[in-house]
Amino acid sequence: MKKMAGGVCAAQGFTANGVHCGIRKNKQKRDLTLIVSSVKASAACVYTQNLVKGAPILVTKKHVVDGYAQAIICNSGNANTCNAKGVEIAEGMCGLVEKYASIPAGDVVVASTGVIGQPLSLEPIEGGMQELVNGLGDQNSLYAAQGIMTTDTVDKQIAYTFELGGKECKIGAIGKGVGMINPNMATMLIFITTDVSISPEMLQKALSSDVKDSFNMVSVDGDTSTNDMVCILANGLANNPTITEADKDFSVFKKALKKVTTYLCRQIAKDGEGATKLLECKVSGAKNKKTARIVAKSVIKSSLFKAAMFGADANWGRVLCAIGYSGGDVDVSKVSVAFESKAGFVQVCENGSGIDFSEELAKKVLSKDEIEVLIELNDGNSKATAWGCDLTYDYVKINGDYRT
């Protein structure tokens, strides 16, 4: 399994593009993205658990009920949520794909990201469709990634090549964060493409299983967005033996999917709004998987802990505190905590109590831009990882005037 260039266009038969159509005021920022498969593809999605859902999610659910889709259209700058004409607009966006790209509206996945509750017009979107479709190409993953960004500071894309049944297969993706991130499937959108031949049922099974240990383990600020969506299209052009059951090829495919999703989890967390540090919380020795996940997510979500990491303060008591209220089945008298980065390793807690450690070393360890929080529960064999970021002054600045 090797990393490769190409992002969402790496897999055979996929083209993409992103343009500025006028939804966003800044003309230098793309705000409309289209991803197209040359043939109809197996489709699988997972969505936000927020009761308030963007209209595009409602439309997409209807369009992929048969397990297939051929295109994804997404706008940024306006989330099309709590909009009286939201469903009409979302359906209209799919209709524009049919009009300009000759793909049936019912085979289109639609998504939106941006400000909630603002009116959205189809006029600018239709105005940009001809340019969007004319510019579709297999080298345009970057443009597509830029078209779904909001407060992201960098584009997020990845691709891998691997083998199934003697055939070379590819899987790639683009994604965006970076605030309102606490998926329970954030403003998070992930679009994955692959040329693997796999049934819709097995594709959904793979994605639904994967998100439990990938995107559901990311938190930037503890807020679950209204528009979160992860969508994967698999068009089968690699011509591998079609995956229809949980066999060896299915296991290989899941590993490739995990490579992609784990990479994007780290990218989203590292680019969290105002963030200066990626925090990776690794929990081991848990009684069961559920407890490991609960503990890791609780620590990574703690505002007090995140603030301490911003200040490079080895305040391990905040880790224990977050473990204690997590709801996980934990014996706190057995817990050990350590921090690790490129600057070194420092253990700060053993058997639920503090131990002597070098504050100077701890400061150096926590001053790096990627930090591992290592928690050993000493109570079993299960483990889990969660990703987050520090809490900085800039997070408040960004969200204090996000709408205006």
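Everything numeric in this text was worked out from a predicted model, so none of it was measured.

Please give an account of the overall build of the protein that cites residues and values.
Tallying secondary structure elements over the protein gives eleven helices and 15 strands in all. Its C-alpha radius of gyration of 21 Å places the protein within 12% of the 22 Å reference for a compact globule of 404 residues. Burial status across the protein gives 55% buried among its 404 residues. Of the accessible surface of the protein, which amounts to about 16,100 Å², a share of 48% is contributed by carbon and sulfur atoms. Seen as two clouds, the 44 positive and the 43 negative side-chain charges of the protein have centres 0 Å apart.

I'd love a proper account of the side chain of Ser336, names of residues and values included.
Within the element layout of this structure, Ser336 appears in strand 11 (residues 336–341). Residue classification places Ser336 among the buried positions, given a relative accessible area of 12%. In this structure, Ser336 is in contact with Gln347, Cys349, Glu350, Asn351, Leu374, Ile375, Glu376 and Asn378, ignoring residues within four places of it in sequence.

Describe the environment of Met149, listing the residues and the values that go with them.
Along the polypeptide, Met149 turns up in the loop between helix 4 (141–147) and strand 6 (156–164). Classification of Met149 as buried rests on a relative accessible area of 13%. On a C-alpha basis, the gap between Met149 and Gly175 in space is 8.3 Å, while along the polypeptide they are 26 residues apart. Dropping the residues within four chain positions of it, Met149 is found in contact with Arg24, Ser76, Val154, Asp155 and Lys176.

With reference to specific residues and values, describe the side chain of Ser76.
Mapped onto the elements, Ser76 comes out in strand 4 (residues 68–78). Classification of Ser76 as buried rests on a relative accessible area of 0%. Of the polar contacts made by the side chain of Ser76, one reaches the backbone oxygen of Gly147; its length is 3.0 Å.

Conventions and cut-offs
- Residues numbered from 1 in each chain as written.
- Predicted model: local features only at pLDDT ≥ 70, side-chain atom pairs only at ≥ 80, totals over all residues.
- Heavy atoms only, no water.
- Helix = DSSP H or I, 4+ residues; strand = E, 2+ residues; numbered from the N terminus.
- Rg over C-alpha atoms; globule rule 2.2 N^0.38 Å.
- Buried < 20%, exposed > 50% of the residue type's maximum accessible area, 1.4 Å probe, protein only.
- Areas by Shrake-Rupley, 256 points an atom, 1.4 Å probe, with all protein chains shown as cover.
- Lys, Arg positive; Asp, Glu negative; His and termini not counted.
- Charge placed at Lys NZ, Arg CZ, Asp CG, Glu CD.
- Contact = heavy atoms within 4.5 Å.
- Polar contact = N/O pair within 3.5 Å; in protein donor to acceptor, adjacent residues only side chain to side chain.

By themselves, these figures tell us nothing about what the structure is for.
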